Protein chains: 2
Amino acid sequence: MQRDNGMGYRMDSETNKNAVVLLSGGLDSATVLAIATAEGFRCHAISFRYGQRHERELEAAAQVAEAIGTVEHVVVDIDLAAFGGSALTADMEVPKHDTVEEIGDGIPVTYVPARNTIFLSMALAFAETRSVGHIFIGVNALDYSGYPDCRPEFIEAFQAVATLGTKAGNEIAAGIRIHAPLIHMGKADIITKGRELGVDYSITTSCYDPVGRLACGQCDACLLRRKGFRENGLEDPIDYQ
Amino acid sequence: MQRDNGMGYRMDSETNKNAVVLLSGGLDSATVLAIATAEGFRCHAISFRYGQRHERELEAAAQVAEAIGTVEHVVVDIDLAAFGGSALTADMEVPKHDTVEEIGDGIPVTYVPARNTIFLSMALAFAETRSVGHIFIGVNALDYSGYPDCRPEFIEAFQAVATLGTKAGNEIAAGIRIHAPLIHMGKADIITKGRELGVDYSITTSCYDPVGRLACGQCDACLLRRKGFRENGLEDPIDYQ
């Protein structure tokens, strides 16, 4: 059964096969886009220009959206840099290490305050205006940098916000569902899954501190990415300094 | 006891008397700013330029921040209009009525998708970068337009997101607390409270569809506001068409 959601279009959360996919241009979100596509979703990709120091991410996101295929790819400006407070947006040094083991246990300076909360909120607004019943996000809590907003309990809490804080959640049976298909996967498994689905990882970027198109190889993101390829006995197809 | 929260400043949620206050320039948020100030908080006001059709709101917010007194007033750009889908941001007609009773039961077209989720997310980021332990928001679920993201259960759900999705929530005892002091108050009581605290309502604006500085008097926001003043036996100090 279809219901009019009062916003000028019709929506049914059971049969709704449209999804908003958060696309950063990195390995994880490219894999998530491939997974959602393989599950039969028509994907609306959303990326953010949030004052990150490396515009390279947005270039990669556009290439990934094009390669995998999306209904649309929207880039939204959010001025997080106005607040400062993170190595990814402010003028701080990105920590470098020689091995994965050297990555600390605490929350690193590359943490961007409330970033995934903001990104999911924008995805929620986007989903509501597009009559979309699903949101996909590529967070994972195994081979990750220790950001609090990448954990399963955070995603569950945001699901409650999505259900209670939207028109869709109030007027449509199942509301908007948040999917985090990578949440319990290690980097090596993510890469295996993506390769099965034909993801071209040569066009993705993970580095927190790239020089042009060259990844640094020593930030947390580079180390975790390289470990994933190594564990699969594969060569990472991107170029490092 | 003070702890370093790892972001270059010190924070203690118990004694932290800094607050981020969401300030729209309307009657409710002006009252909330006065309440937080009266409770001894140093207030950091935040407003949003979100593609709303009436810039008048931001003018009023600046005047209110100035009149009540804040540590700073930050205006953040968010391009919600890129998504469309609401009478407040898109090219739709704002519904008009003659009496409060005519306001419908459903969620009106003036609902902006996920607006309070987005605003609270930005406030959360702002609070983290400023070492602020409290966020104040002027939602109320009595004399309101029926927006889902103004209800107590929504605020509770967002509190969980704030606790789980931030560095502050993980490293500091009580995390960042969301306060919604008006949530169970009717408009008349809000006005009574604000007047006790010396709020000058002549500089606030509530109208969804003003012409210059003149409120329309017939949108949901105007009707609820006028009802509040009428129930107090007061004249609303702003000008109507």
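(A) Representation of the confidence of the model for chain A within the structure. Residues and elements named next belong to chain A. With 82% of its residues at a pLDDT of 70 or more, chain A has an overall mean of 84. Confidence drops under pLDDT 50 across residues 1–12; counting only partners more than four residues distant or on other chains, this segment forms 23 contacts. Both confidence scores are given for the complex: pTM 0.86, ipTM 0.84.

(B) Quick peek at the interface of chain B and chain A. Tallying the contact residues gives 41 residues for chain B and 41 residues for chain A. Contributing elements (two or more residues each) for the side of chain B that touches chain A: strand E5 (72–77), helix H3 (115–130), helix H4 (152–164) and helix H5 (167–171) of chain B. For the side of chain B that touches chain A, the element with the most residues is H3(B), which contributes 10 residues.

(C) Spotlight on the sheet that holds strand E4 (residues 42–49) of chain B. Residue and element names in this part refer to chain B. Spatially, E5-E4-E3-E6-E7 is the arrangement adopted by the five strands of the open sheet, whose pairing is parallel. A single partner strand is all that each edge strand has here, and the edge strands are E5 and strand E7 (177–179). The mean inter-strand angle of the sheet, taken between neighbouring strand axes irrespective of direction, is 25 degrees. Of the strand pairs in this sheet, strand E6 (residues 134–136) and E7 are connected by three bridges, and their pairing is parallel. Bridge pairing links His134 to Arg177 in E7. On the sheet, helix H1 (residues 27–38) packs against strand E3 (18–22), E4 and E6 and is oriented at approximately 170 degrees with respect to E3.

(D) Broad picture of helix H4 (residues 152–164) of chain A. An ideal rise of 1.5 Å per residue puts 18 Å on 13 residues; H4(A) measures up with 19 Å between its terminal C-alpha atoms. Residues A:Phe154, A:Ile155, A:Ala157, A:Phe158, A:Gln159, A:Val161, A:Ala162, A:Thr163 and A:Leu164 constitute the buried set of H4(A).

What counts and how
Residues numbered from 1 in each chain as written. Chains lettered and ligands numbered in written order. Predicted model: local features only at pLDDT ≥ 70, side-chain atom pairs only at ≥ 80, totals over all residues. pLDDT = per-residue confidence, 0-100. Contact = placed C-beta atoms within 7 Å. Helix = DSSP H or I, 4+ residues; strand = E, 2+ residues; numbered from the N terminus. Pairing = 2+ DSSP bridges. Axes fitted to C-alpha atoms, helices over the stretch in contact; angles between N-to-C directions. Expected span 1.5 Å × (residues − 1). Buried ≥ 20, exposed ≤ 12 C-beta atoms within 10 Å, placed from the backbone.

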